[in-house]
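Breakdown of the fold
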Amino acid sequence: MRNATYGTALTLMIGWLVWIGKPVLIPVIAAAISVYVLSTAAESMQALPVVGRLPAWARRTLILIAFVFAVVLLFILVINNLAQVAAILPRYENNLEILVTRGASLLGIENEPTWENLRRVTLDQMDIRSWIAPALLSLRGFGATLFLVVLYASFFMAERGMMTQKLLIALGGEEAGGRALSLLSRINDRIGQYLFVKTVVNLILGSVSFVIMLLLGIEFALFWAVLIAFLNYIPYIGSLVGVIFPVLLSLAQFGTLWMAGVVLLSLSAAQIFVGAVLEPRMMGRAFNLSPLVVLLALAFWSTLWGLPGALLAVPMTASLILVLAEIKTTRPIAVLLSASGKV
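So, a few notes on the structure that sits alongside this text. (Residues numbered from 1 in each chain as written. Predicted model: local features only at pLDDT ≥ 70, side-chain atom pairs only at ≥ 80, totals over all residues. Heavy atoms only, no water.)

It is worth spelling out helix α10 (residues 291-305) at this point. Along its 15 residues, α10 runs 21 Å from first to last C-alpha, staying within 8% of the 21 Å computed at 1.5 Å per residue. Listing the buried residues of α10 in full gives V293, V294, A297, L298, W301, L304 and W305. Burial along α10 is one-sided: seen end-on, the buried residues are contained in an arc of 145 degrees. In this structure, α10 carries L292, L296 and T303 as exposed residues pointing more than 90 degrees from its buried face. Phi for G306, located one or two positions after α10, is positive at around 70 degrees. (Helix = DSSP H or I, 4+ residues; strand = E, 2+ residues; numbered from the N terminus. Expected span 1.5 Å × (residues − 1). Buried < 20%, exposed > 50% of the residue type's maximum accessible area, 1.4 Å probe, protein only. Arc of directions from axis to C-beta.)

Structure below.
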């Protein structure tokens, strides 16, 4: 009874600390995941003809510079697209008005609703100005989080080279330290490989979606492609949400239902191909989570941390299972959490 009470109290305390520590933990965990991806990418660069001859620290530096450059471009992309959307909203309103009027005539409604009438009973009832300040604060918080992720990732990358020597000293000898380092090496390899392959799959999905939207003439195609790639870290829900946004935009941009249907079918086909064909072949046994565990992880982390928690839920859970699978005493837990019992 006493142990159960202590266990419950400890669980509640840890949960409270995780919830209250959201501003600190999210950038740290995102940076740690980024370091795994960057380190695996740096090791993969050995296969390249010229860059592969560089020492490990030089490859890590190059990949870190590329990461910083990509994060800066991401932030600029978000800022520019928000400004462009604000400038193009009047044209979208005209297209929506035409669509509403056309739909009303097809339904045989005598008093056809206009966009002004709909806006009067919907948007005009909302205080849009009151949303501006929170939106700007959210954007500033997004930029601050990106900056912290880059900063922490830089320090993590710098510390990786010294970690081996530190562990040998801390564990008190070559024999004990060697066993610990061997275990950590296997864990790091599997986690890094999973996160790297998942990131490559998301980049492929984003690229395919970008080409589709570019061919269909969807505005802000690059922004939506980046959003689709990020949301694909969230299984099930992320794929659905990633498709909905471009479909709604095409509805406002073109003002026709058939074009929105073409966008929906095209992007859904890309999602199905990547999710059902490409990802299982590339993942192998690295991604072996039970669907129930995935849903529980999404529910838990999204409740605690919102959208960032949903994005990090599966990478964190998959990494935890890989760690548990490499430790003999915790391997049964990993087997129970896996989809097929093979870890």
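This part covers the packing of aromatic side chains. Per the stated rule, a full pass over the model turns up four aromatic pairs. Ring centres of F300 and W301 lie 5.0 Å apart, and the angle between their planes is 85 degrees; on these two criteria the pair is classed as edge-to-face. Pairwise contacts between aromatic rings join F223, W224 and F245 into one cluster. (Phe/Tyr/Trp six-rings, centres within 6.5 Å; stacked < 30°, edge-to-face > 60°.)

A surface patch of nonpolar side chains, about 570 Å² in accessible area, is lined by M13, W16, L17, W19 and I20. You can see M13 is positioned in helix α1 (residues 2-20). (Patch = residues over 30% accessible without salt bridge, like charges linked within 9 Å, V, L, I, M, F, W, Y side chains within 5 Å. Areas by Shrake-Rupley, 256 points an atom, 1.4 Å probe, with all protein chains shown as cover. Salt bridge = Lys/Arg side-chain N within 4 Å of Asp/Glu carboxyl O.)

A few words now on the packing of α10 against helix α11 (residues 307-326). Geometrically, a packed helix pair is captured by the angle between its two axes and the distance between the axes. Interhelical geometry of α10 versus α11 gives an angle of 140 degrees and a closest axis separation of 7 Å. Comparing the axis directions of α10 and α11 gives the class oblique. In this structure, the crossing between α10 and α11 has a hand that is right-handed. Taken together, the residues of α11 that come into contact with α10 (itself represented by V293, V294, A297, L298, W301, S302 and W305) are L307, P308, G309, A310, A313, V314, M316 and T317. Tallied by class, residues from the contact of α10 with α11 come to 12 nonpolar, three polar and no charged. (Axes fitted to C-alpha atoms, helices over the stretch in contact; angles between N-to-C directions. Parallel < 35°, antiparallel > 145°, perpendicular 65-115°, else oblique. Left-handed = near helix turned anticlockwise from the far one by under 90°. Contact = heavy atoms within 4.5 Å. Nonpolar A, V, L, I, M, F, W, Y, C, P; charged D, E, K, R; others polar.)

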